[in-house]
Amino acid sequence: MSPLLKLSAAIDAVLNTIARIAAFALPALVVVVVFDVVTRRFLQMGSTQLQEAEWHLHTILIMGVLGAAYIHDRHVRIDLLHATFSPRGKALVELLGILLLVFPFCAVTGYYATNFALTSFTRGEVSQSIDGLPYRWAIKSMLPLGIYLVALAGLSRACRSAAALIDPHRANLDRKGASSL
Amino acid sequence: MSTFIEFLPLFMFATMAMLLFSGFPVAFVLGGVGVAFGLIGVLTGELIPIQLYSITQRMWSGAAENLTLTTVPLFVFMGVVLEKAGVAKDMLASLNRALERVPGGLALSVTLLGIILAAATGIVGASVVMLSLLAMPVMLEKRYSPALASGTIAASGTLGILIPPSIMLVIIADLLSRSVGTMFMAAFGPGLLLGVLYLVFILGVSVFAPGAAPAARSGHGSKDLGRLIVTLLVGLVPAFLLIFCVLGSILFGWATPTESAGIGAGGALLLAFVVRPVIYTALSYTRFAIEGAAANAAKGGALSRFAAENRGWWRIFLDSIRESALTTGMIFMIILAATAFALTFRLLGGEHLVTDYVVALELSPWHLLAIVLALVFVLGFFFDWIEITLIVLPVFAPIMLAQDFGEHVSPQDLPYWFAIMLAINLQTSFMTPPMGPSLFYLKAVAPPEVRLGHVYRGIIPFVVLQLIALMLVMAFPEIAMWIPHAMLD
């Protein structure tokens, strides 16, 4: 295997592991919502912490899987022309797109998102309601994390695209047979 | 130079449109172009750097710290569980059993399943693919005309974006800052109307052109009344209860959308991993044993039968959460990127540009409505609803909602009426040859004997039904608004 594909596979393994862990936020979210509904409706025990836990789990889930969704090529494409490109043409589009669109997007939003989380950390921000959850910076740091994961996914697919430019058949850019986590 | 800056938003839109046709993921085109024009704005002095920071803040408050959108992963999860655990397949089988004697029974079952599962998948491609994989081979085997079969499947699968709990309506409501519950109520009437139109049409075809939808073999099969009843009870009742809980709790205002989505997902897990295996195991001791793993498996005790039926439940559970996670990742990447795009567009003055232009045209509200719907219709040939709602709605909604339709629609009802027409319009666009995405999804997974020509011919009557429904809702807003009025006033 070429070094490019090795690097790509290594990044994919990391992103997959993170996404598999983050995916458990989904059943956890179900449990929290059901518990919240039952206790509030039937035992009159409303809890701000539970309600905040709901969007915290939601945030962990979405930020944790952003990268994986890209390496598994789940994104919508307008493939009218794309479908007619040669494998090398597709690889070129992918490589240019990552260099010109994904990386700049991640650089700018990642920079500001890091500031966003750091500000929260230095202020020791907590929930605005008295009985909310502590450590608001912890959940806010999920945003930069999610953006870095997208950048990593971009790096992985950039390597794969470069490998596909050399030998389209071995790079498996369109993820045939590797579409689930 | 100043004209260049003034028209920066237009260049931004044009750049995005051109790059989209490269086939690079829509999400990253939106995000990349958004950020690039943000930087151009800073370089030309049009924006100050702190405004770029506000983009990140908006991404946070729009996608993460947002209880409304928590519904989205939950509804996706509910649908995926029902599908992966075989509940959807059971439902189709039981519906088909129940309607065996009715002409076109299988086609009717597919439509009913589409209506019921509309809830679940929400992504047009996913529901069309699922219905197609489940039903197309059976319909062809029963000698349905490929045209009717594909028309039914493509149309029923697309119905999901309108019928609540639809993920699209959640996102539209969020964008318009309106109540998700009311939006669902408003969608209920038109969704039902469309479902009924489909059913009547299929029934009509089956009665008057039996060649297209042959009646099931009469005589044997459903003679055993006991077995029929058991099949229905097992296959349909639990799933119906689940859907009823989700929709009912929203319609009657018992629960917030997040709560009912959580209950729906929890209920789906319960149904798939507890109720269904228990029922199957219990039935395997009676003469009503249902064909499948349990029936063929061990003759041993209760536990070993239960284990045989549920070998791999953990695998199914893992598959479900991972599949839902990837779909969620896809949706939210677009939401994050579209937020960056839409906010930059607005910061650069794009909204004013559009508003000024539209105001200068001095259109009547009805003309404007027609133009927006036509625009969305054309966009529907290329995009799924996620991109359309996230790109077009922020630009046109403020103008649209400022219109005065006089006696026809009150200002409070306008956002809901507009959203529902948008939904029906999008649905129609997805189904319209030659470019409807639903048709391509269907063709992609259908057996090779189904030609694109069949698909095109089969879908046309359904497109006509869609247009009828759209006109009706346009002419009589009460079709959408009577449930919200009845429930809320």
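Residues numbered from 1 in each chain as written. Chains lettered and ligands numbered in written order. Predicted model: local features only at pLDDT ≥ 70, side-chain atom pairs only at ≥ 80, totals over all residues. Heavy atoms only, no water.

## Some words on the overall build of chain B
Working step 1: Scanning chain B from N- to C-terminus turns up 24 helices and zero strands.
Working step 2: Its C-alpha atoms give chain B principal-axis dimensions of about 80 × 50 × 50 Å.
Working step 3: Summarising the internal contacts of chain B: among those between residues at least 6 apart in sequence, 79% fall at separations of at least 24.
Working step 4: Positive and negative charge centroids in chain B, built from 22 and 25 side chains respectively, lie 22 Å apart. (Helix = DSSP H or I, 4+ residues; strand = E, 2+ residues; numbered from the N terminus. Contact = heavy atoms within 4.5 Å. Lys, Arg positive; Asp, Glu negative; His and termini not counted. Charge placed at Lys NZ, Arg CZ, Asp CG, Glu CD.)

## Description of the state of the cysteines
Working step 1: Counted by the stated rule, this structure contains zero disulfides over all chains.
Working step 2: This cysteine, Cys 106 of chain A, is not joined by any disulfide, and Cys 159 of chain A carries the nearest cysteine sulfur, 15 Å off. (Disulfide = S-S within 2.5 Å.)

## Quick word on a nonpolar patch on the surface
Residue and element names in this part refer to chain B.
Working step 1: Together, Leu 225, Ile 229, Leu 233, Val 237 and Leu 241 line one region of the surface with nonpolar side chains, adding up to about 460 Å² of accessible area.
Working step 2: Within the residue set of the nonpolar patch, elements represented by two or more residues are α12 (225-235) and α13 (237-251).
Working step 3: A total of three residues in the nonpolar patch trace back to one element, the largest contributor, which is α12.
Working step 4: Among the structural elements, Leu 225 can be located in helix α12.
Working step 5: Classification of Leu 225 by relative accessible area gives exposed; the value is 54%. (Patch = residues over 30% accessible without salt bridge, like charges linked within 9 Å, V, L, I, M, F, W, Y side chains within 5 Å. Areas by Shrake-Rupley, 256 points an atom, 1.4 Å probe, with all protein chains shown as cover. Salt bridge = Lys/Arg side-chain N within 4 Å of Asp/Glu carboxyl O. Buried < 20%, exposed > 50% of the residue type's maximum accessible area, 1.4 Å probe, protein only.)

## Comments concerning the side chain of Ser 206 of chain B
All names here are of chain B.
Working step 1: With respect to the helices and strands, Ser 206 occurs in helix α11 (residues 180-208).
Working step 2: Overall, the relative accessible area of 3% leaves Ser 206 in the buried class.
Working step 3: There is a polar contact of 2.6 Å between the side chain of Ser 206 and the backbone oxygen of Ile 202.
Working step 4: The residues touching Ser 206, leaving out its near neighbours within four places in the chain, are Pro 103, Gly 104 and Ala 213. (Polar contact = N/O pair within 3.5 Å; in protein donor to acceptor, adjacent residues only side chain to side chain.)

## A closer look at the pattern of salt bridges
Residues and elements named next belong to chain A.
Working step 1: Applying the stated criterion across every chain yields a total of 12 salt bridges over all chains.
Working step 2: Between Arg 77 and Glu 94 there is a salt bridge, with its nearest N and O atoms 3.1 Å apart. A residue pair is termed long-range when its members are at least 10 positions apart, and Arg 77 in the loop between α3 (48-71) and α4 (79-82) and Glu 94 in helix α5 (residues 87-122) qualify at 17 residues.
Working step 3: When its relative accessible area of 15% is taken as the criterion, Arg 77 is described as buried.
Working step 4: On the basis of relative accessible area, Glu 94 is assigned to the buried category, the value being 2%.
Working step 5: Residues joined by salt bridges that share partners form a network here, namely Asp 73, Arg 77, Glu 94 and Arg 157.

## What about the interface of chain B and chain A?
Working step 1: Listed per partner, the contact involves 64 residues of chain B and 59 residues of chain A.
Working step 2: Each partner contributes to the roughly 5300 Å² buried at the junction of chain B and chain A, and carbon and sulfur atoms together form 80% of this total.
Working step 3: If you sort the residues of chain B by the area they bury against chain A, Phe 24, Trp 60 and Leu 326 of chain B come out on top, with a joint share of 15%.
Working step 4: Counting the contacts that link chain B with chain A gives three salt bridges.
Working step 5: Between Arg 74 of chain A and Glu 323 of chain B there is a salt bridge whose closest N-O contact spans 3.1 Å.
Working step 6: At the junction of chain B and chain A, the tally comes to five residue pairs in polar contact (both at pLDDT 80 or more).
Working step 7: Residue assignment for the side of chain B that touches chain A shows that the elements contributing at least two residues are α2 (8-20), α3 (26-43), α4 (49-64), α5 (71-84), α14 (257-283) and α17 (313-347) of chain B.
Working step 8: Element by element, the count of residues in the side of chain B that touches chain A is highest for α17 of chain B, at 19 residues.
Working step 9: When grouped by side-chain class, the residues that make up the side of chain B that touches chain A number 45 nonpolar, 14 polar and five charged. (Buried area = accessible area lost by both parts, 1.4 Å probe. Nonpolar A, V, L, I, M, F, W, Y, C, P; charged D, E, K, R; others polar.)

## A closer look at the side chain of Thr 182 of chain B
Residues and elements named next belong to chain B.
Working step 1: Relative to the elements of secondary structure, Thr 182 occurs in helix α11.
Working step 2: A relative accessible area of 11% means that Thr 182 is categorised as buried.
Working step 3: Leaving out residues up to four positions away in the same chain, Thr 182 has contacts with Tyr 416, Pro 484 and Leu 488.

## A closer look at the confidence of the model for chain B
Working step 1: Confidence in the prediction for chain B averages 85 pLDDT; 91% of positions are at 70 or higher.
Working step 2: Here the predicted complex scores 0.88 on pTM and 0.94 on ipTM. (pLDDT = per-residue confidence, 0-100.)

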